[in-house]
Amino acid sequence: MGLLDAILGRSKPVRPDLDQLFAVPSAALTLQAATGFTPTGRGSVCFAGVEGGGFARLQEDVRELLDADTERGGVPVEFSRDAYGYTWLLATHPADDTAGLVNDLHAVNTMLQDGGFGPHLLCSLIGFRDAEGRALALVYLYKRGTFYPFAPLPGDTEKRDNQLELQVRGGLGDDLRVEKDLSRWFPVWGAPGL
């Protein structure tokens with residue numbers, strides 16, 4: 001960062017640290033003990049789609065890599081598009097295999113980054129539920145290198161359980177790099193994996 005950047009209050013963006021995802025399995029244990037939320041075995045990666053053969057080949061490579069275990073009972077990955085035009089990849093594992101799910105999400109992020117599509121990555125999320133059926137996601141912001149909790153209220157209302165989100169933040173502060181700027185805790189309504 002140069003002198004002019006310091007004077008104008010600009011800062012360099014945080015370099016993404018995809019290895020932060022590997023902290024999720026231990027954070028899941030903390031989350032379960034603190035709030036009763038357990039992993040669902042579902043997680044997703046969101047990215048801005050790109051037209052062209054290079055991106056289509058990379059998407060097929062991702063599918064081939066993650067679907068390699070379907071003959072042994074694994075669930076194939078699913079691709080979908082949301083109302084805003086973003087592409088979501090949904091990976092599913094047994095609920096007790098958070099480490100395997102995180103490995104798959106990390107592999108997708110890494111392949112996109114190494115393929116030159118890192119700037120198109122938006123977030124990854126890992127889904128959780130409690131005994132009452134409430135949903136919660138730990139969302140990893142690729143460009144910030146941080147996590148935040150997202151807790152939609154049940155039903156079709158697009159409202160969040162802010163109290164639960166703050167409770168989760170307090171419980172996970174030592175396990176994950178939690179995003180401090182609450183304005184960056186974007187809602188991910190209808191995200192696959194929730």
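Presented here is an overview of the structure given in this document.

Reading guide: rules and limits
- Residues numbered from 1 in each chain as written.
- Predicted model: local features only at pLDDT ≥ 70, side-chain atom pairs only at ≥ 80, totals over all residues.
- Heavy atoms only, no water.
- Helix = DSSP H or I, 4+ residues; strand = E, 2+ residues; numbered from the N terminus.
- Buried < 20%, exposed > 50% of the residue type's maximum accessible area, 1.4 Å probe, protein only.
- Contact = heavy atoms within 4.5 Å.
- Areas by Shrake-Rupley, 256 points an atom, 1.4 Å probe, with all protein chains shown as cover.
- 1 Å grid on protein atoms, 1.4 Å probe; cavity = no way out; pocket = protein on both sides within 12 Å on 5 of 7 lines; lining within 4 Å.
- Points joined across faces, edges and corners; volume = space filled by probe spheres on them.
- Nonpolar A, V, L, I, M, F, W, Y, C, P; charged D, E, K, R; others polar.
- Core = buried A, V, L, I, M, F, W, Y, C linked by side-chain atoms within 4.5 Å.
- Pairing = 2+ DSSP bridges.

**So, the overall build of the protein chain**
Part 1 of the reasoning: Counting its regular elements, the protein chain contains 5 helices and 6 strands.
Part 2 of the reasoning: Listed by position from the N terminus, the elements making up the protein chain come as α-α-β-α-β-β-α-β-β-β-α.
Part 3 of the reasoning: Counting across all 194 residues of the protein chain, residues that qualify as buried make up 40%.
Part 4 of the reasoning: Across the protein chain, every contact between residues at least 6 apart in sequence was considered, and the portion connecting residues at least 24 apart equals 65%.
Part 5 of the reasoning: Only carbon and sulfur atoms are counted for the fraction: they give 52% of the accessible area of the protein chain, which is about 10,300 Å².

**Observations concerning the layout of surface pockets**
Part 1 of the reasoning: A volume near 550 Å³ is recorded for the largest pocket.
Part 2 of the reasoning: If you go around the largest pocket, you meet 25 residues; those closest to its centre are Cys 46, Tyr 86, Leu 122, Pro 187 and Val 188.
Part 3 of the reasoning: A per-element tally of the lining of the largest pocket places strand β4 (residues 121-129) first, with 3 residues.
Part 4 of the reasoning: In the lining of the largest pocket, the residues fall into 17 nonpolar, 2 polar and 6 charged.
Part 5 of the reasoning: In terms of lining residues, the second largest pocket is bounded by 15 residues, among which Pro 152, Leu 153, Gly 155, Gly 190 and Leu 194 are the most central.

**What about the nonpolar core?**
Part 1 of the reasoning: By size, the foremost hydrophobic cluster in this structure holds 48 residues, and its most contacted members are Leu 89, Leu 112, Phe 128, Val 139, Leu 176 and Val 188.
Part 2 of the reasoning: Not counting residues within four places of it along the chain, the set of residues in contact with Val 188 comprises Trp 88, Leu 125, Val 139, Tyr 148, Phe 150 and Leu 194.

**What to know about the pairing of β4**
Part 1 of the reasoning: With respect to burial, β4 is a largely interior element, 7 of its 9 residues being buried.
Part 2 of the reasoning: Bridge analysis of β4 against strand β5 (residues 135-141) gives 7 bridges, and the strand direction is antiparallel. Its bridge partner lying in β5, Ser 124 is registered against Tyr 140.
Part 3 of the reasoning: Hairpin geometry of β4 and β5 is characterised by an intervening segment of 5 residues between the two adjacent antiparallel strands and by a positive phi of about 90° at Gly 133.

This is a description of form; function is not addressed.
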